[in-house]
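Chain and residue survey
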Amino acid sequence: DTGVSQDPRHKITKRGQNVTFRCDPISEHNRLYWYRQTLGQGPEFLTYFQNEAQLEKSRLLSDRFSAERPKGSFSTLEIQRTEQGDSAMYLCASSLAGTGPSEAFFGQGTRLTVV
Amino acid sequence: QKEVEQDPGPLSVPEGAIVSLNCTYSNSAFQYFMWYRQYSRKGPELLMYTYSSGNKEDGRFTAQVDKSSKYISLFIRDSQPSDSATYLCAMRVSGTYKYIFGTGTRLKVLA
């Protein structure tokens, strides 16, 4: 499978715990995105990287959220001190920056439930 | 007012029907328009993208953009039960890679 891979697929955690999700983009893609999707809504932008540089961050990404892409390949999204409102599907996507426009391909998501 | 508006449906049609899905937007700076299909509990799958006003066809799917009216459409011909999914429109401003999504329209194609 050469698509965007996310791990884990599901995570149940207690309120107040920290969680970390991993995303492996399509191998030649240098842009990587994180989105959050709640039931009945479209995905909401959280942040995006070009290579290892984090170029844009949403105001949705509070101090409890941090994303990294240390070597410009895989990325992690960490949520500290989880709250029930963090329960959502966290989606990772990647695209290729090149000479022409290139749109994002999404992974299957990590579904987070905070109890 | 949301930047992108999309009727959430659900939209139910018989097999073989032509389906029309639509989004309106308020930001005239949007230049790139995408349609994604999302099955239940799966990630969105890129269906089509267009960068200019007019039509773009791919098999049974046609994407239409009318920038003067700030209106985009996706048409599905000869709809199949396997097309039952949520269809999300997305758009972005040139030079940025922050996608703004609609809420999605849930489509059911009845056999």
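Position numbers for residues start from 1 in each chain and track the written sequence from start to end. The lettering of chains begins at A and the numbering of ligands begins at 1, in the order of writing. For this predicted model, a pLDDT threshold of at least 70 governs which residues receive local features, and a threshold of 80 or more governs which side-chain atom pairs are given and counted, while totals over whole chains, interfaces and linings are taken from all residues. For the side-chain quantities, the full set of heavy atoms in the structure was used; hydrogens and water were omitted.

Concerning empty space enclosed by the protein
- The definitions used throughout rest on a 1 Å grid laid over the protein atoms alone, on which a cavity is an enclosed set of points accommodating a 1.4 Å probe that cannot get out and a pocket is an open set flanked by protein within 12 Å on both sides along at least five of seven lines; lining residues are those having an atom within 4 Å of a point. Grid points are joined across faces, edges and corners, and a volume is the space filled by probe spheres set on the points. Here the structure, examined in full by the defined rule, presents one cavity of 30 Å³ or more.
- Taken as a whole, the largest cavity spans an internal volume of roughly 30 Å³.
- Residue lining of the largest cavity: Arg9, His10, Met89, Gln108, Gly109, Thr110 and Arg111 of chain A together with Arg41 of chain B, and that is the complete set.
- Amino acids outside the nonpolar list (Ala, Val, Leu, Ile, Met, Phe, Trp, Tyr, Cys, Pro) and the charged list (Asp, Glu, Lys, Arg) are all regarded as polar, and Gly is one of them. Of the residues contributing to the lining of the largest cavity, the split by class is one nonpolar, four polar and three charged.

Quick notes on the pattern of salt bridges
All names here are of chain B.
- One speaks of a salt bridge when a side-chain nitrogen belonging to Lys or Arg is within 4 Å of a carboxyl oxygen belonging to Asp or Glu. This model, assessed by the stated rule, comprises seven salt bridges over all chains.
- The residue glutamate 57 makes a salt bridge to arginine 77 at a minimum N-O spacing of 3.5 Å. In this pair, glutamate 57 sits in strand S6 (residues 54–58) while arginine 77 sits in the loop between strand S8 (71–76) and strand S9 (85–93), placing the two residues 20 residues apart along the sequence.
- Buried means the residue's accessible area, taken with a 1.4 Å probe over protein chains only, is under 20% of the maximum for its type, while exposed means over 50%, and partly exposed covers the values in between. Residue glutamate 57 is classed as exposed on the basis of its relative accessible area, which comes to 58%.
- Taking the relative accessible area as the measure of exposure, arginine 77 reaches 28% and is therefore partly exposed. Labels follow the DSSP assignment, with helices taken as runs of H or I lasting at least four residues and strands as runs of E lasting at least two, numbered in each case from the N terminus.

Digging into the layout of surface pockets
- Space inside the largest pocket adds up to approximately 650 Å³.
- Taken together, 27 residues form the lining of the largest pocket, with Gln37, Thr38, Leu39, Gly40 and Gln41 of chain A sitting closest to its centre.
- Secondary-structure elements contributing two or more residues to the lining of the largest pocket are strand S9 (88–95) and strand S11 (110–114) of chain A together with S9 and strand S11 (105–110) of chain B.
- Here the residues of the lining of the largest pocket sort into nine nonpolar, 14 polar and four charged.
- Its volume calculated, the second largest pocket comes out at about 490 Å³.
- Around the second largest pocket sit 18 residues that line it, and Glu44, Phe45 and Leu60 of chain A together with Glu3 and Ile100 of chain B are the ones nearest its centre.
- Of all elements in the fold, only strand S5 (44–50) of chain A together with strand S10 (100–101) of chain B reach the threshold of two or more residues within the lining of the second largest pocket.
- Its residues assigned to classes, the lining of the second largest pocket shows seven nonpolar, six polar and five charged.

Overview of the sheet that holds S8 of chain B
All names here are of chain B.
- Pairing within the open sheet is antiparallel, and its five strands lie in the order S1-S3-S8-S7-S6. In the strand order of this sheet, the two ends are held by strand S1 (4–6) and S6, each with one partner. Between one strand axis and the next, the sheet turns by 20° as a mean value, whatever way the strands run.
- DSSP bridges decide pairing: two strands pair if at least two such bridges lie between them. Sheet topology note: the S1/strand S3 (residues 19–25) ladder contains three bridges and is antiparallel. Bridging across to S3, valine 4 finds its partner in tyrosine 25. Angles run from 0 to 180 degrees between N-to-C directions of axes, and those axes are lines fitted to C-alpha atoms, restricted for helices to the stretch in contact.

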